[in-house]
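Read off the chains here:
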Amino acid sequence: MNLLGEILTHNKDFVEKKEYESYQSSKFPNKHVLILSCMDTRLVELLPKAMNISNGDAKILKTAGALVSHPFGSIMRSILVGVYELEVDEIYVVGHHDCGMASVKAEQTLEKVKHRGISQETLDTLQYSGVDFNRFFRGFDSVEDSVRHSVSTIGNHPLMPDSVPVHGLVMDPETGKLGLVVDGYGTKAQAPV
């Protein structure tokens, strides 16, 4: 059986045994919190436990590196929908040490893209159409600076109300220890220079 088959078989049993009942919650987060974190597999269960977040307490968005790479992209739209439609009153950007985005280099990623069957012609067409692969596949050198950048992008967004604090944290993916980078209860965060 392939992975999809395993998932669907498990899901059938999950529903039939009503295991979902212990996870039922409203669409509004109990703690009125939205967390933007990295999609790293080590954080799936560790991050909520380390932050005392239970099912139903928070909206959790996951993206590579906890990055908000475009002020009007889907991540920022989701954050704004959380604030205006889903009762989010605080935002936490949580990066982590040993992040895979720290090692992402456009040239290496493009080689992997080609190895997986995307033609150079397709890449050329995209580049001629204005896609800057160096920017699109850009990682970061410092997780703290990356968190500051995302906090600044969110907190200084023209549609983000001043009343919503945006905090920045960095987590140790082994222990769950959180380090404070930006205390959103203070002034608006400034992006690193």
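Preceding this paragraph is the structure being described.
Here's a quick rundown of the structure. Keep in mind the model is a prediction, meaning the values are calculated, not measured.

### Some points on the overall build of the protein
Item 1. When you go through the protein residue by residue, the secondary structure sums to seven helices and five strands.
Item 2. Tracing the protein from N to C terminus, the helices and strands come up as α-β-α-β-α-β-α-α-α-α-β-β.
Item 3. A principal-axis box enclosing the C-alpha atoms of the protein has dimensions of 55 × 50 × 35 Å.
Item 4. For the protein, buried positions account for 38% of its 193 residues.

### Some words on the sheet that holds strand 1 (residues 33-38)
Item 1. As summarised here, the arrangement of the five strands in space is 2-1-3-4-5, forming an open sheet in which the pairing is mixed. In the strand order of this sheet, the two ends are held by strand 2 (58-63) and strand 5 (178-182), each with one partner. Taking the axes of each pair of neighbouring strands and ignoring which way they run, one obtains an average angle of 25° across the sheet.
Item 2. Relative to strand 2, strand 1 runs parallel, the two being bridged by six bridges. In the strand pairing of strand 2, Leu34 is matched with Lys59.
Item 3. Packed onto the sheet, helix 3 (residues 74-85) meets strand 1, strand 2 and strand 3 (90-96) and runs at close to 175° relative to strand 2.
Item 4. Together, strand 1, strand 3, strand 4 (166-171) and strand 5 form the strand contacts of helix 7 (residues 143-155), whose direction differs from that of strand 4 by roughly 160°.

The rules behind each value
Residues numbered from 1 in each chain as written. Predicted model: local features only at pLDDT ≥ 70, side-chain atom pairs only at ≥ 80, totals over all residues. Heavy atoms only, no water. Helix = DSSP H or I, 4+ residues; strand = E, 2+ residues; numbered from the N terminus. Buried < 20%, exposed > 50% of the residue type's maximum accessible area, 1.4 Å probe, protein only. Pairing = 2+ DSSP bridges. Axes fitted to C-alpha atoms, helices over the stretch in contact; angles between N-to-C directions. Contact = heavy atoms within 4.5 Å.

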